[in-house]
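Here's the letter readout for the chains.
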Amino acid sequence: MIKVSETAKNKLVELMSDDGFNAAQDYVRVGVKSGGCSGLSYDLNFDKSKTDDDKLFEDNDIKLVVDKKSFLYLVGTTLEYSGGLNGKGFVFNNPNAQRTCGCGESFSL
């Protein structure tokens, strides 16, 4: 299961609308790819469709799709949004990450 905080939900709805997506019917695609200073990095996009290899979750009225491989790395993660003075952006609070980089955009297990 992947959770979406209230602040992340509000920002996702806003960004989806700005990009021509509808949060009520379209998806937020969350994934993990090789790269970043800690070995793995998060990937976040919008999508109008899902594949047979995707796992579908819905939390806080946001539909999330995750490919099966990425799901193993993201179980229990909460997607949050930080708009503070230290920078704006989405933050992945991942209980599986043993090490993260300073920017919070990559991790290792």
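None of the values given here were measured: they were computed from a predicted structure. (Residues numbered from 1 in each chain as written. Predicted model: local features only at pLDDT ≥ 70, side-chain atom pairs only at ≥ 80, totals over all residues. Heavy atoms only, no water.)

Some words on the pattern of salt bridges
Right, so step 1: Counting across every chain of the model gives five salt bridges.
Right, so step 2: Note that K11 is salt-bridged to E14, the shortest N-O span being 3.3 Å. Of this pair, K11 and E14 both sit in helix α1 (residues 6–18), separated by three residues, roughly a single helical turn.
Right, so step 3: A relative accessible area of 19% means that K11 is categorised as buried.
Right, so step 4: E14 sits in the partly exposed class, given a relative accessible area of 40%.
Right, so step 5: A single salt-bridge network, built from bridges that share partners, covers R29, D47 and D54. (Salt bridge = Lys/Arg side-chain N within 4 Å of Asp/Glu carboxyl O. Helix = DSSP H or I, 4+ residues; strand = E, 2+ residues; numbered from the N terminus. Buried < 20%, exposed > 50% of the residue type's maximum accessible area, 1.4 Å probe, protein only.)

Focus: the nonpolar core
Right, so step 1: Core analysis: the largest hydrophobic core is formed by 20 residues, its most contacted members being V28, V30, I62, L64, V66 and L74.
Right, so step 2: Within the residue set of this core, elements represented by two or more residues are α1, β2 (27–34), β3 (40–47), β5 (62–67) and α2 (68–74).
Right, so step 3: If we skip the residues at most four places from it in the chain, V28 touches L12, M16, L44, N45, F46, I62, K63, L64 and V65. (Core = buried A, V, L, I, M, F, W, Y, C linked by side-chain atoms within 4.5 Å. Contact = heavy atoms within 4.5 Å.)

Quick look at the side chain of K9
Right, so step 1: By the element assignment, K9 lies in helix α1.
Right, so step 2: Setting aside anything within four residues of it in sequence, one finds K9 in contact with V4, N60, D61 and I62.

Topic: the packing of aromatic side chains
Right, so step 1: Tallied over the entire structure, the rule returns four aromatic pairs.
Right, so step 2: Both rings, one in Y42 and one in F92, keep their centres 4.1 Å apart while their planes meet at 5°; by these two values the pair is stacked. Of this pair, Y42 sits in strand β3 while F92 is found in strand β7 (residues 87–93), placing the two residues 50 residues apart along the sequence.
Right, so step 3: Taking the centre distance of 5.1 Å and the plane angle of 65° together, the rings of Y81 and F90 count as edge-to-face.
Right, so step 4: When its relative accessible area of 23% is taken as the criterion, F90 is described as partly exposed.
Right, so step 5: Geometry around F71 places K55 over its ring, the cationic atom sitting 5.1 Å from the centre. (Phe/Tyr/Trp six-rings, centres within 6.5 Å; stacked < 30°, edge-to-face > 60°. Lys NZ or Arg CZ within 6 Å of the ring centre and 35° of its normal.)

That is the geometry; function is a separate question.
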